[in-house]
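Examining the three-dimensional arrangement
Spelled out, the chains give:
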Amino acid sequence: ANLSQCQWISNSVINAYIDGFSSRCVTQGDLLQIAKTAYVKAACRAVNNVCPAYSTWNNSSHTSIIVLGPSSSIKPIPVIISPSKISPCNNLSFDLSASKGSGGRAWSSISILVNSSILNGSD
């Protein structure tokens, strides 16, 4: 995305703030590329705050990486709020808004199985 920004956290870790994915977030398996206009060079181990010939070093080549999943993921915790009983003609509704662990994203799938336990015609 044209407005993405990156911030070095250490010599080997970078945080990427991805813009332009309005319909979805970056997910595992996505391909990210360093823009041809990006100027990324190796870290210089300066001696007395001087990095000899640094300006002559080449920028990184146009490269790409595949987004990996987290080393430890958070398990989703579904919370379903619904009435315990309804009359035969009422609609059954579920409120899942108290659920946690979606990472701020929409749930990729929701499947709910409902069983009836009618004991007699009046229950």
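Not measured: the values here are computed from a predicted model.

**Observations regarding the overall build of the protein**
Helices and strands together make up the secondary structure of the protein, namely zero helices and four strands. Scanning the protein from its N terminus toward the C terminus, one meets helices and strands in the order β-β-β-β. Counting over 123 residues, the protein shows a buried share of 3%. Restricting to contacts in the protein with at least 6 residues of sequence separation, those with at least 24 account for 36%. Accessible surface, the protein: about 11100 Å² in total, of which carbon and sulfur atoms supply 53%.

**Let's talk about the environment of Ser99**
With respect to the helices, strands and loops of the structure, Ser99 is situated in the segment after strand 4 (64-66). Taking C-alpha positions, Ser99 is 4.6 Å from Val79, a pair spaced 20 residues apart along the chain. Setting aside residues no more than four positions away along its own chain, Ser99 makes contact with Ile77, Pro78, Val79 and Trp107. A distance of 3.0 Å separates a polar side-chain atom of Ser99 from the backbone oxygen of Leu96.

**Things to note about a nonpolar patch on the surface**
On the surface, Ile80, Ile86, Leu92, Phe94, Trp107, Ile110, Ile112 and Val114 cluster together into a nonpolar patch covering about 680 Å² of accessible area. Counting through the fold element by element, Val114 comes out in the segment after strand 4.

**A short note on the pairing of strand 1 (residues 5-8)**
One ladder, built from four bridges, connects strand 1 with strand 2 (residues 14-17); its direction is antiparallel. Following the sheet pairing, Gln5 is matched in strand 2 by Tyr17.

**Topic: the environment of Gln28**
Within the secondary structure, Gln28 is located in the loop between strand 2 and strand 3 (31-33). Judged by its relative accessible area of 62%, Gln28 is exposed. In sequence terms Gln28 and Leu68 are 40 residues apart; their C-alpha atoms lie 5.2 Å from each other. Not counting residues up to four positions away in its chain, the partners in contact with Gln28 are Val67, Leu68 and Gly69.

**A word on the confidence of the model for the protein**
Of all residues in the protein, 85% have pLDDT values of 70 or greater, and the mean over the chain is 76. Confidence, read as mean pLDDT per element, is least for strand 2 in the protein (75) and greatest for strand 4 (83).

Reading the values: rules and limits
- Residues numbered from 1 in each chain as written.
- Predicted model: local features only at pLDDT ≥ 70, side-chain atom pairs only at ≥ 80, totals over all residues.
- Heavy atoms only, no water.
- Helix = DSSP H or I, 4+ residues; strand = E, 2+ residues; numbered from the N terminus.
- Buried < 20%, exposed > 50% of the residue type's maximum accessible area, 1.4 Å probe, protein only.
- Contact = heavy atoms within 4.5 Å.
- Areas by Shrake-Rupley, 256 points an atom, 1.4 Å probe, with all protein chains shown as cover.
- Polar contact = N/O pair within 3.5 Å; in protein donor to acceptor, adjacent residues only side chain to side chain.
- Patch = residues over 30% accessible without salt bridge, like charges linked within 9 Å, V, L, I, M, F, W, Y side chains within 5 Å.
- Salt bridge = Lys/Arg side-chain N within 4 Å of Asp/Glu carboxyl O.
- Pairing = 2+ DSSP bridges.
- pLDDT = per-residue confidence, 0-100.

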